[in-house]
Amino acid sequence: MRSPIQAHSIGLPTDRRSFLKKGVATAGAATVSSGLFGKALPVFPKEDERSGKLRKGDAAILRFLAAAEILETDLWQQYNELGGIQDSEVPGGSGSPLYTAALAQLDSDMAQYIHDNTEDELTHEVFINAYLASKGADIVDLDKFRTLPSSKASGAQQIGRLTNLMQLSVDTTWWTRYRSGTKNPDFGDTFPQAVPTLAVGHHPAIPRTDADLSPSDHLQAIANTAGFHFGTIEQGGTSLYPSVAQRVSNVEVLRIVLSIGPTEAMHFQTWQDKAGNAPALTDPTDPTLVFPNLNTTPGGEDFQTNLIMPEPTVFLSHDLPACSIVRPTNTKGVAMGALQFLTASGLFLGQSKEFFAFLRDLAEDADDARREGD
Ligand SMILES: [Fe+2]
Ligand SMILES: [Fe+2]
């Protein structure tokens, strides 16, 4: 058994592709990419996706999670290159001092947290694919879709990306969802936005060019957007894992899902605390974008910034007592729901039809998975 300290000292593979190829060669598995990215797109020969020693549903759930983690890694890497700590654990960028300073308005440790969240996602991605490969199952490789442009701001690598952080519509309903003591999205309840103007239009969460580095309130609006987007992404992971876990059959696969999922919740908890520190301001270059002081506008318990623990609310039945829980955790259609949520945010703006078809296929297969005996 490897101790946490030893595991940390081993560090991350700096080249995930060579790591993954090594894993695949060891396990003798084919990649989804080689089999499915042929000219027949967007029609996918589903039967070609191999489950190896895993149950079909378990492999499908893990493949969707691998895809989600690859996408998470891609967006977090973009944040880290400009606003995180640059080191061998998370290599790539050279940092944007002004953007990093704007993020630090939310917490002086933001750069460390961004770095560590990025590293965590990379390990999730690499681990799940390596586990699939170790069981002789097909893995997920999205490299073909790394076609979106990088930020042109100083500090960012100029490489193809999977995700777009420069035109986001950030849903902030998680803020009020976790503060409500009477509602739960699994009962069809809806929730008000914390920052309504951030949920509409297209807003950069990273500087697009060095022109975005001034005036200072504009750059702060970009950092605030990132600060809320961090919570939006990680609350999604916080719900996704317990939602799919309900349809996993194998105990070891369940252990993987139950061990990664709560780290998403740890990220989310950190980010929702920091988002509450986002300075109140109006973006001088886009006066429609307003970050209110949530303690006064609108104020009240559904918006109070230090209420960061999940408020107990209705769970499973209105006849049962209120419970402090992750919400939502409904399992039906959760993979497609997650894909639609991310798509609606603008995260994939500019991506190809083939990209969406491929992810839809993975999501459908994950949603088709059934727990053995159910
Ligand atoms: Fe993750
Ligand atoms: Fe995450």
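Residues numbered from 1 in each chain as written. Chains lettered and ligands numbered in written order. Predicted model: local features only at pLDDT ≥ 70, side-chain atom pairs only at ≥ 80, totals over all residues. Heavy atoms only, no water.

(A) Summary view of the layout of surface pockets. Of the volumes computed, that of the second largest pocket is approximately 680 Å³. Together, 33 residues line the second largest pocket, and Gly236, Val334, Gly337, Ala338 and Phe341 are the ones closest to its centre. Listed by contribution, the elements that provide at least two residues to the lining of the second largest pocket are α4 (56-83), α7 (173-177), α8 (216-245) and α10 (334-344). Among the elements that line the lining of the second largest pocket, the one with the most residues is α8, at 9 residues. Here the lining of the second largest pocket is composed, by residue class, of 17 nonpolar, 10 polar and 6 charged. (1 Å grid on protein atoms, 1.4 Å probe; cavity = no way out; pocket = protein on both sides within 12 Å on 5 of 7 lines; lining within 4 Å. Points joined across faces, edges and corners; volume = space filled by probe spheres on them. Helix = DSSP H or I, 4+ residues; strand = E, 2+ residues; numbered from the N terminus. Nonpolar A, V, L, I, M, F, W, Y, C, P; charged D, E, K, R; others polar.)

(B) View of the coordination of the iron ion (ligand 2). Only Glu72 (OE), Glu121 (OE), Glu234 (OE), Glu234 (OE) and Glu264 (OE) from the protein coordinate the iron ion (ligand 2), and they sit 1.9 to 2.6 Å from it. Within one chain, the residues donating to the iron ion (ligand 2) are spaced in sequence as E-x48-E-x112-E-x29-E. In this structure the iron ion (ligand 1) is found 3.5 Å away from the iron ion (ligand 2), and Glu72 serves as a bridging donor for the pair. Placement of the pair is Glu234 in helix α8 and Glu264 in helix α9 (residues 251-275), with a sequence separation of 30 residues. By relative accessible area, which is 0% here, Glu234 ends up buried. (Donors = N, O, S within 2.8 Å, 3.2 Å for Na, K, Ca; no water. Buried < 20%, exposed > 50% of the residue type's maximum accessible area, 1.4 Å probe, protein only.)

(C) Molecular detail of the packing of helix α6 (residues 110-134) against α9. Axis separation between α6 and α9 bottoms out at 12 Å; the angle between their running directions is 165°. Judged by the angle between their axes, α6 and α9 are roughly antiparallel. Helix-helix and strand crossings are classified by hand; for α6 and α9 the assignment is left-handed. Contacts from Met110, Tyr113, Ile114, Asn117, Asp120, Glu121, His124, Phe127, Ile128 and Tyr131 of α6 reach α9 at Glu252, Val253, Ile256, Ile260, Thr263, Glu264, His267, Thr270, Trp271 and Lys274. Split into classes, the residues belonging to the contact of α6 with α9 amount to 10 nonpolar, 5 polar and 5 charged. (Axes fitted to C-alpha atoms, helices over the stretch in contact; angles between N-to-C directions. Parallel < 35°, antiparallel > 145°, perpendicular 65-115°, else oblique. Left-handed = near helix turned anticlockwise from the far one by under 90°. Contact = heavy atoms within 4.5 Å.)

Function cannot be read off these values alone, since they describe shape.
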